[in-house]
Amino acid sequence: MEVLVTGGMGYIGSHTCVQMIQAGITPVIIDNLSNAKIGVLARIEALTGVMPVFHQGNVQDEAFLDSVFAKHDIKAVIHFAGLKAVGESVEKPLEYYDNNVNGSLVLARAMRKAGVKSIVFSSSATVYGDPEIVPITEDSPTGVTTNPYGRSKYMVEECFKDLFHAENDWSITLLRYFNPVGAHPSGTMGEDPQGIPNNLMPFIAQVAIGRRDRLSIFGNDYPTPDGTGVRDYIHVMDLADGHIAALNVLREKAGLHIYNLGTGKGSSVLEMVDAFAKACGNQVPYILCPRRAGDIAECWASTDKAERDLNWKATRSVKEMTVDTWNWQSNNPNGY
């Protein structure tokens, strides 16, 4: 079965492609390589014995998408392609709306023309904004988002909801995931952001390997046990398996399906720094800075619905997240 994977060369997409191949699913990857490296393909092949089909292009390019659908017998789409940094989105809102929202609409049009009406969308827990109650369930309010990145994900969700209400033969799955971290346990694949990392774990890893002097922790005055932000960190391999579970269960099941993918537990920034120090055997230097625009105090997922409907549950620990990240970073100090 051929499944189109947009953004399939990126961090989450590439790990998902490995798990797809090992599950007997054929990924057809498209990516514009704006935040990914071509060397990922060889790593996927080394792990799976299969060189994935790759087309370089942009989800905003409808003619390009049409050509890809014409070349393949695509049965479903997993849509990862999108800009994803909260802080950057505050500085570049137009780029985020154009890439994330417009790109998703162009993709949906191309899918409809090709007669492919099954999509798993990479959404985000940011659609919940600053939650009043944790853990967050799928029924928690959405839309009061705190940054353009979160708003872009919320807007795409609303567009897909309206599409389903107009054409109810679609299978649309919205996966709201929390904070992906970790790397493939082989140490050959992991997160390799371009420029300065916007997410916690790759920044910690680059400090630990000596590429950066110290970590900046934004805010130590939140109403949390140690004052730093609390998040639900999920191992990227668990996340990849969650996408395959959703694809297997829901691909041919018309409906609007919404699931949280997380661990159901929260960890603070300082707890993650401490866990990483244990994994790498060295202290991780850091400084405390003022809060960052758009950040919230704490959020973690209720995972009951995904466990019940998809028979999926995150199983990897914080220790595995940090050990696998360090294994990747220490084996690949400069990334791919």
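For the structure, see preceding data.
Residues numbered from 1 in each chain as written. Predicted model: local features only at pLDDT ≥ 70, side-chain atom pairs only at ≥ 80, totals over all residues. Heavy atoms only, no water.

K.L.:
Sorry if this is basic, but what is going on with the sheet that holds strand 14 (residues 298-299) here?
P.N.:
Here three strands make up an open sheet; going across it, the order is 12-9-14 and the pairing mixed. Lying at the two open borders of the sheet, with one neighbouring strand each, are strand 12 (267-268) and strand 14. Across two bridges, strand 9 (residues 230-231) lies against strand 12 in antiparallel orientation. Directly across from arginine 231, in strand 12, lies its bridge partner serine 267. (Pairing = 2+ DSSP bridges. Helix = DSSP H or I, 4+ residues; strand = E, 2+ residues; numbered from the N terminus.)

K.L.:
Would you mind going over the pattern of salt bridges with me for this structure?
P.N.:
Side chains that carry opposite charge are capable of pairing whenever their charged atoms lie near each other. Summed over all chains, the structure comprises 19 salt bridges. The partner of glutamate 88 in a salt bridge is lysine 92, with the nearest N and O atoms 3.9 Å apart. In this structure glutamate 88 comes out as partly exposed when scored by relative accessible area, which is 25%. Between aspartate 295 and arginine 292 there is a salt bridge; the shortest N-O distance is 2.9 Å. Taken together, the shared-partner salt bridges connect Glu62, Asp66, Arg109 and Lys113 into one network. (Salt bridge = Lys/Arg side-chain N within 4 Å of Asp/Glu carboxyl O. Buried < 20%, exposed > 50% of the residue type's maximum accessible area, 1.4 Å probe, protein only.)

K.L.:
Please clarify how the nonpolar core should be interpreted in this entry.
P.N.:
For soluble globular proteins, nonpolar side chains are generally found buried alongside one another. Ile44, Leu310 and Trp312 are the most contacted members of the largest nonpolar core, which totals 38 residues. Of all the secondary-structure elements, those providing two or more residues to this core are strand 1 (2-6), helix 1 (11-22), helix 2 (40-48), strand 4 (74-79), strand 6 (171-177), helix 8 (236-250), strand 11 (255-261) and helix 10 (304-310). With eight residues, the single largest contributor to this core is helix 8. Setting aside its immediate chain neighbours within four residues, leucine 310 contacts Ala245, Ala246, Val249, Leu250, Tyr259 and Lys305. In this structure, Ile30, Val59, Ala81 and Ile258 belong to the second largest nonpolar core, which totals 28 residues. (Core = buried A, V, L, I, M, F, W, Y, C linked by side-chain atoms within 4.5 Å. Contact = heavy atoms within 4.5 Å.)

K.L.:
Any chance you could explain the packing of aromatic side chains here in plain terms?
P.N.:
Each aromatic ring pair is summarised here by two numbers: the centre-to-centre distance and the angle between the ring planes. Applying the stated rule across the entire model yields three aromatic pairs. With centroids separated by 5.5 Å and ring planes inclined at 70°, the aromatic side chains of phenylalanine 121 and phenylalanine 160 adopt a geometry described as edge-to-face. One end of the pair, phenylalanine 121, is in strand 5 (residues 118-124); the other, phenylalanine 160, is in helix 6 (residues 148-166), and 39 residues separate them in sequence. Note on accessibility: phenylalanine 121 and phenylalanine 160 belong to one class, buried. Between phenylalanine 276 and tryptophan 326 the ring centres are 6.0 Å apart and the planes differ by 85°, which places this aromatic pair in the edge-to-face class. Taken together, the positions of phenylalanine 276 in helix 9 (residues 269-280) and tryptophan 326 in helix 11 (residues 318-331) put the pair 50 residues apart, joining distant regions of the chain. Note on tryptophan 326: relative accessible area 18%, which makes it buried. (Phe/Tyr/Trp six-rings, centres within 6.5 Å; stacked < 30°, edge-to-face > 60°.)

K.L.:
Would you take a moment to explain the environment of histidine 55 for this structure?
P.N.:
Summarising the element assignment, histidine 55 is placed in strand 3 (residues 53-56). When sequence neighbours within four positions are dropped, the list of residues in contact with histidine 55 reads Val28, Ile29, Ile30, Asp31, Phe64, Val68, Lys71 and His72.

K.L.:
How should I be thinking about the sheet that holds strand 5 in this particular structure?
P.N.:
Within a sheet, each strand pairs with its neighbour through backbone hydrogen bonds, oriented either parallel or antiparallel. Here seven strands make up an open sheet; going across it, the order is 3-2-1-4-5-6-11 and the pairing parallel. Pairing within the sheet leaves two strands with one partner each, and these edge strands are strand 3 and strand 11. Pairwise comparison of adjacent strand axes, ignoring direction, gives a mean angle of 20° for this sheet. Across five bridges, strand 1 lies against strand 4 in parallel orientation. Paired with valine 3 across the bridge in strand 4 is alanine 76. Running over the sheet, helix 6 touches strand 5, strand 6 and strand 11 and is turned about 155° from strand 5. (Axes fitted to C-alpha atoms, helices over the stretch in contact; angles between N-to-C directions.)

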